[in-house]
Amino acid sequence: LWYDVYAAFPPRDAPLAEREHDIKPVRRILYPEDNIRAAFYKTYGTPRPMDMTDQDSVSECQKFILKYQQLERLGKYQEETALFEATARALQKEGIVLRKRQPPKQETETTDMSPEEQRLEKGPALTIKLSDMIKEALQKPEKEKP
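All figures in this text were calculated on a predicted structure; none of them were measured in a lab. (Residues numbered from 1 in each chain as written. Predicted model: local features only at pLDDT ≥ 70, side-chain atom pairs only at ≥ 80, totals over all residues. Heavy atoms only, no water.)

Visitor: So what exactly am I meant to see when it comes to the environment of D54 here?
Guide: Secondary-structure assignment places D54 in the loop between helix 2 (32-44) and helix 3 (60-74). For D54, a relative accessible area of 37% translates into the label partly exposed. (Helix = DSSP H or I, 4+ residues; strand = E, 2+ residues; numbered from the N terminus. Buried < 20%, exposed > 50% of the residue type's maximum accessible area, 1.4 Å probe, protein only.)

Visitor: I would appreciate a short explanation of the environment of R19 in the present structure.
Guide: Structurally, R19 is set in the loop between helix 1 (2-8) and helix 2. Residue class for R19 comes out partly exposed when judged on its relative accessible area of 35%. Once residues lying within four places of it in the same chain are set aside, the contact partners of R19 are D13 and A14. (Contact = heavy atoms within 4.5 Å.)

Visitor: I keep staring at the packing of aromatic side chains and nothing clicks. Help me out?
Guide: How two aromatic rings sit relative to each other is set out by the distance from centre to centre and by the angle between their planes. Counted according to the given criterion, the structure contains seven aromatic pairs. An aromatic cluster is built from F40, Y41, Y44, F64, Y68 and F84, whose rings are joined through pairwise contacts. (Phe/Tyr/Trp six-rings, centres within 6.5 Å; stacked < 30°, edge-to-face > 60°.)

Visitor: Before we go on, may I ask you to explain a nonpolar patch on the surface in this structure?
Guide: Residues L130, M133, I134 and L138 make up a contiguous nonpolar surface patch of roughly 430 Å² in combined accessible area. Inspection of the secondary structure assignment puts M133 in helix 6 (residues 130-144). (Patch = residues over 30% accessible without salt bridge, like charges linked within 9 Å, V, L, I, M, F, W, Y side chains within 5 Å. Areas by Shrake-Rupley, 256 points an atom, 1.4 Å probe, with all protein chains shown as cover. Salt bridge = Lys/Arg side-chain N within 4 Å of Asp/Glu carboxyl O.)

Visitor: It is not clear to me how helix 3 should be interpreted in this structure. Could you clarify?
Guide: Residues lying three or four places apart along an α-helix face the same way, a consequence of the helix completing one turn every 3.6 residues. The terminal C-alpha atoms of helix 3, which comprises 15 residues, lie 21 Å apart, in line with the 21 Å expected from a rise of 1.5 Å per residue. Those residues of helix 3 that fall on the buried side of the exposure criterion are E60, C61, F64, I65, K67, Y68 and L71. Buried positions along helix 3 lie against helix 2 and helix 4 (80-93). Immediately beyond the C-terminal end of helix 3, within one or two residues, lies G75, with a positive phi of roughly 75 degrees. (Expected span 1.5 Å × (residues − 1).)

Visitor: What am I meant to see in the nonpolar core here?
Guide: Within soluble globular proteins, side chains that are nonpolar generally end up buried alongside one another. By size, the foremost hydrophobic cluster in this structure holds 16 residues, and its most contacted members are F40, Y44, F64, Y68 and L98. Mapped onto this core, the elements with two or more residues apiece are helix 2, helix 3 and helix 4. Here the element with the most residues in this core is helix 4; it accounts for six residues. Discounting residues that sit within four places of it in the chain, F40 has contacts with G45, P47, E60, C61, F64, F84 and L98. (Core = buried A, V, L, I, M, F, W, Y, C linked by side-chain atoms within 4.5 Å.)

Visitor: Please explain the packing of helix 2 against helix 3 as it appears in this structure.
Guide: To characterise two packed helices, one gives the angle between the axes of the helices and the distance between these axes. Contact geometry for helix 2 and helix 3: axes closest at 10 Å, N-to-C directions at 125 degrees. With respect to helix 3, the element helix 2 is oriented oblique. Here the hand of the crossing between helix 2 and helix 3 comes out right-handed. For the pair helix 2 and helix 3, the contacting residues are E33, I36, R37, F40, Y41 and Y44 in the first and E60, C61, Q62, F64, I65, Y68 and Q69 in the second. When grouped by side-chain class, the residues that make up the contact of helix 2 with helix 3 number eight nonpolar, two polar and three charged. (Axes fitted to C-alpha atoms, helices over the stretch in contact; angles between N-to-C directions. Parallel < 35°, antiparallel > 145°, perpendicular 65-115°, else oblique. Left-handed = near helix turned anticlockwise from the far one by under 90°. Nonpolar A, V, L, I, M, F, W, Y, C, P; charged D, E, K, R; others polar.)

If you want it as structure tokens, here you go:
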């Protein structure tokens, strides 16, 4: 099939690896709402999963952008930070709760605890070792034998 298409519509230039290529700079395509979107995700992260099968659903980020642009057109706010915060408050009044991202916890490097104590302090789920799980799995059949 592809041979017939190639024969009917041959390329203008031969498709050889040795041929000279036109090197064109890649244009940056940024829209005004991209800066708003970046600030939104930096401040609020990814709020919650979205159902992509529902064609009518609008993400919280998109709702934020639409409200931001609406308030921007009113011209009440001179600074972007004030407009950003006003948008968050306006969405909150509409029932959309946005939670700011928690900054990552910085672990203190100077500690008097041993590595085992530090591991236990992080939580019980994080104290499980793979080697212990394998030993336990291997011992279960032995215990179950009569």
